[in-house]
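Structural characterization, general
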Amino acid sequence: MHTIAIPHVDPLPVPGPVWLFTALLLVVFTLHLAAMNSALGGGIWALWNYLRGRHSDHPYSRQLANELAAMLPTFLAFTVTLGVAALLFVQVLFGNFLYASSILIGVLWLAVIPLVMVAYYGFYYFSYAAEKGKGIAGCVLAISLCVLLGIAFIYVNNMTLMLGPERWLGMYRAHPNGWNLNLGDHSVVPRYLHMVNGSIALFSAILAMLGMRKMKVNAGYGRWLVQRSALVFAVCTGLQFLLGMWLLLAIPRQIAMVLLREPLAGSVFGLALVSVISAMLLILLGSLAEKPSSLVYAGFAMSLVTLFLMVCLRHLLRLAYLKPYANLGALAVRPQVGVITLFLLLFVGGLATVGYMLWLVARSGRTPVSTATPQ
Amino acid sequence: MNYPQWQLAFPGGMLIALVAVLHVFISHFAVGGGFFLVLTESLARRQRDVVLLDYCRRHSRFFALLTLVFGAISGVGIWFTIGLVSPEATSMLIHTFVWAWAIEWVFFFVEIAAAILYYKTWDSLPARDHMIVGWIYFVAAWMSLFVINGILTFMLTPGRWIETHSFWDAMFNPTFLPSLAARTAVSVILAGIFGYITLPRREGREKVARWAALWMMAGALVLPLSLWWYFACLPQFSQVYLNGVLIGVRHAVRGGVGFTLLALVIALVCGVWKPRWMRPPVVALLVICGLGMIGAGEYLREFVRKPWVISQVVYANDVRASQVEQLQATGVSHTANFLLTDDTTSMAYGENLFHLQCGSCHAVGGYRGMKRRVDGWDAEFAADILQHIPMMHGTMPPYAGNEEDRKALGSYLASLNQPWHFNITDGNRLEIGAKVFEARCGHCHTVNGNFRPLRGVFENETPSQVQDMFSALGAMSSNMPNFNAPDDQAQALASYISHEASKPVSVKPAPAALPNANHSQLTYPALWQEVR
């Protein structure tokens, strides 16, 4: 058994309140996951429907594949953009853990960058080729999805390894060149499957909501989309319960017990269970009728609430893992008040600017994602 | 010392350089190219030039594919790479600039959204609205550059932050403005260069070719002035390097100027004079010139910062300046968290120290390889000279370890080559003397050059008089190692020095001003004092 080596925290004070960094991290990470789930879950939906839609008796599938094809690069763009913000804030709070685990898996961690580029260009190619029915479009999309699944696996390895400093020194001594994975951790596989399956589930909820909107333009297609995505959402959410249980059994007992013993973690866990069950019921009930009802919208909203609660739960479990080694409350803090104020003002200004641009697009009467890329 | 050190077969710094140069190349285009697009669109709409408008549309597609994917992702790549290679420095930057990065992220977010909307809404947005989106893109992209420029320049010239630790002093540091001007000029040049990639084949070719050339000329007019301003604001130790002490810096300066001039000549000849000559191979050459220009600039920027990664705070090998004294007193094994062995007398420990202290800039072989640099060193000499590392060109951090560590690393360095055994004759004495000089003296001296020349000391001395002085070297100056070469090598060295120092030379070497070896003084030139 090797000694536990943990890098010291930075000697400079944290330049803002810990609660603010935590809040920002939780919000942007939730948004990052929503975008990531749309890219991965949307990609899986697109591939399935693209392959199905190649037969003429499935025109809805073909239409859905084409619509998703136009959206996928944008989903990935926002996955990256929002991921950058999450990476930024997590470094302030847990930098000494994250840098150490990243170095231990350095080769694969850095491989994420070219892999994202491959997946991204693959999505762009698919968006260009899908509608034209180019033969290799499906293959390219499948490659992109495999790459994204690989990236997700690398991420799960790093995010679990940063929680286990007791493994670091032994791992470093075995392979100081960065060729490591965290496969000794039993939670890696269930956590990975939980994330991947969750992305299909969440995107299915998004699709159900989009289907409701489509019904206004094309009732048949919209209804088909709502009912199909509701079914997939229900199946994946059911599976998510099983994977979640596997994950809870795989993590150390004293960490899992936090969900029962700690009032905050227990409450968040309870709320997450209630919200996911409500989401499932609302989407199923809303979609079963001949004419899907607006319960679907409520179900979609509840699934987003669930996502946020799961992100909070993940954060609380991370704190429980790192409790013996880190105490966020003890960090020296010297807030850069002026810059924080400027950031908040610019953040609001940035959102307003994006809102303004979307308003310009909406005013013109067409949605940008459905507009063909210029040739 | 705090973090595990990622052991690579090449210097970790090279990885950062590779990712950074490619990213800087595309990200500057992302700024200038946005300006180029929206102004070109404006021109096309004013002149009702359908062909030019069609060019804008095609160019925006190329622009989006390159900048949104490669540009954005390679930027994240820099994050990943610096965290892997220099976690200590990255952590320090995060703790100083997290809100600057958060602000930059807001601009980045707006930039990405605007870029996607701009290239997707050619057919759906009215002209005025489309151009508004284009302008929003450009402003957000340039503001993103504005913020990142503050962090980059801080790393070389932290200015008053050293005393105040104020964010604003860090951000608006001595080289902030000149660097911003230079980077904006480079962005405009690159907009012109990349403008040729989607050049129309027939109709509109001449107009676009001349228009892109105009952009290159405009950027090239501002660039020399802003660079002069930038160099004038550099601290004293950086200016010394630029004055030509080091060959690599001279090559980079020549390369940067050469690539820029070549690009301008191509633009004049094939862009303005004979646009039909602007064929794909010529465009490819232009793009290579642009990459060369960026590569040379980034190399210079990195080099003039040595031995620091963050001036006066973190050394290039990711050791904090504040840690050095403690490491020299107690040794690495008492401080480092991640060592590959606990046996501090083993060769494996020496190798581990090599990776820890030298690995960010050196590997055993290849570029900046240590094997050839330490050829001729024995363990004792190596352990001794490690105390004087900052004297070597003034570009290296001090050795951060105690005597035991120096011995371990010295033994490892000596083990990289076979010990020297010569059969010295009258015929090969000078040649072997030259080799011994390179191994034992050449890292800090020349005989007749301008890098701490020895001519003044040894001129007209006989070989035996020169050799007599060797035994007193360690006592002569605290910056000199003891001389311990075998007698035959000492004789050959003495003959070589005596011969070289007595050669007639047209101009006697004047010692060049060398950077302060203890690296603790950061003197800014008068220009910056005035700006303050």
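Residues numbered from 1 in each chain as written. Chains lettered and ligands numbered in written order. Predicted model: local features only at pLDDT ≥ 70, side-chain atom pairs only at ≥ 80, totals over all residues.

A few words on the overall build of chain B. In terms of helices and strands, chain B carries 22 helices and two strands. Seen along its three principal axes, the alpha-carbon backbone of chain B occupies a region of about 85 × 50 × 45 Å. Counting only residues that meet the buried cut, chain B has 53% of its 532 residues in that class. Considering only intrachain contacts with a sequence separation of at least 6, the fraction spanning at least 24 residues in chain B is 76%. (Helix = DSSP H or I, 4+ residues; strand = E, 2+ residues; numbered from the N terminus. Buried ≥ 20, exposed ≤ 12 C-beta atoms within 10 Å, placed from the backbone. Contact = placed C-beta atoms within 7 Å.)

Once that is clear, we can look at the interface of chain B and chain A. It is common to report an interface's size as the accessible area lost on association of the parts. On the chain A side, the residues contacting the 60 residues of chain B number 60 residues. Elements with a minimum of two residues in the side of chain B that touches chain A: helix 2 (50-85), helix 3 (87-120) and helix 4 (127-156) of chain B. Take the side of chain B that touches chain A: its biggest share by element is 24 residues, from helix 3 of chain B. Residues that form the side of chain B that touches chain A fall into these classes: 43 nonpolar, 12 polar and five charged. (Nonpolar A, V, L, I, M, F, W, Y, C, P; charged D, E, K, R; others polar.)

Residue and element names in this part refer to chain B. Partitioning chain B into structural domains gives domain 1 (12-314), domain 2 (323-415) and domain 3 (424-532). Here the C-alpha centroids of domain 1 and domain 2 sit 38 Å apart. In this complex, domain 1 contributes nine residues to the contact, which on the side of domain 2 involves 10 residues. In terms of residue count, helix 1 (residues 12-46) provides more of the side of domain 1 that touches domain 2 than any other element does, three residues in total. (Domains from an automatic or database assignment.)

Residue and element names in this part refer to chain B. At a closest axis distance of 12 Å, the pairing of helix 2 and helix 3 adopts a crossing angle of 165°. Of the possible angle classes, the one that applies to helix 2 and helix 3 is roughly antiparallel. The way helix 2 lies across helix 3 gives a crossing that is left-handed. Seen from helix 2, the contacting residues are S60, R61, A64, T67, L68, A72, I82 and G83; seen from helix 3, they are P87, T90, I112, A115, Y118 and Y119. A per-class count over the contact of helix 2 with helix 3 returns nine nonpolar, four polar and one charged. (Axes fitted to C-alpha atoms, helices over the stretch in contact; angles between N-to-C directions. Parallel < 35°, antiparallel > 145°, perpendicular 65-115°, else oblique. Left-handed = near helix turned anticlockwise from the far one by under 90°.)

It is worth spelling out helix 8 (residues 205-232) of chain B at this point. Note on helix geometry: an α-helix contains 3.6 residues per turn, so any two residues three or four positions apart are oriented the same way. All names here are of chain B. For helix 8, which comprises 28 residues, the first-to-last C-alpha distance of 41 Å matches the rise-based estimate of 40 Å (1.5 Å per residue) to within 8%. Helix geometry: helix 8 is bent most strongly at L223, by close to 25°, with proline P224 lying one to four residues after it. Within helix 8 the residues assigned to the buried category are V208, A209, A212, A213, W215, M216, G219, L223, L227 and Y230. (Expected span 1.5 Å × (residues − 1). Bend = angle between axes of the 7 residues up to and from the residue.)

The next point concerns helix 3 (residues 106-129) of chain A. The first and last C-alpha atoms of helix 3 of chain A sit 35 Å apart over 24 residues, in line with the 34 Å expected at 1.5 Å per residue. Taking the largest bend as the criterion, helix 3 of chain A deviates by roughly 30°, centred on I113(A), and proline P114(A) comes between one and four positions later.

Moving on: unusual backbone geometry. Outside of glycine, negative phi angles account for most residues, and trans bonds account for most peptide bonds. All names here are of chain B. With an omega of 10°, the peptide bond running from K306 to P307 counts as cis. Look at R368: it is not a glycine, yet its phi comes out positive at around 55°. With respect to the helices and strands, the residue R368 is situated in the loop between helix 13 (347-358) and helix 14 (370-373). Take R368: there are 16 C-beta atoms within 10 Å of it, and that puts it in the partly exposed class.

Turning our attention to the nonpolar core. If you look at soluble globular proteins, the nonpolar side chains tend to sit buried side by side. Core analysis: the biggest nonpolar cluster contains 284 residues, and F89(A), A205(A), A208(A), A114(B) and I497(B) have the highest contact counts within it. It is helix 2 (residues 59-104) of chain A that provides the largest number of residues to this core, a total of 28 residues. I497(B) has contacts with F437(B), V447(B), L454(B), F458(B) and V466(B), leaving out every residue within four places of it along the chain. (Core = buried A, V, L, I, M, F, W, Y, C linked by C-beta atoms within 7 Å.)

This prediction gives chain A a mean pLDDT of 94; 97% of its residues lie at or above 70. With pLDDT under 50 throughout, residues 367-375 of chain A is counted as low confidence; its partners more than four residues away or in other chains account for 23 contacts. (pLDDT = per-residue confidence, 0-100.)

A word on the packing of helix 6 (residues 188-214) of chain A against helix 7 (residues 219-250) of chain A. Residue and element names in this part refer to chain A. Put simply, helix 6 and helix 7 touch, their axes get as near as 7 Å, and they point 160° apart. Judged by the angle between their axes, helix 6 and helix 7 are roughly antiparallel. Relative to helix 7, the crossing made by helix 6 is left-handed. Among the residues making up the contact of helix 6 with helix 7, the classes are represented as 21 nonpolar, 10 polar and two charged.

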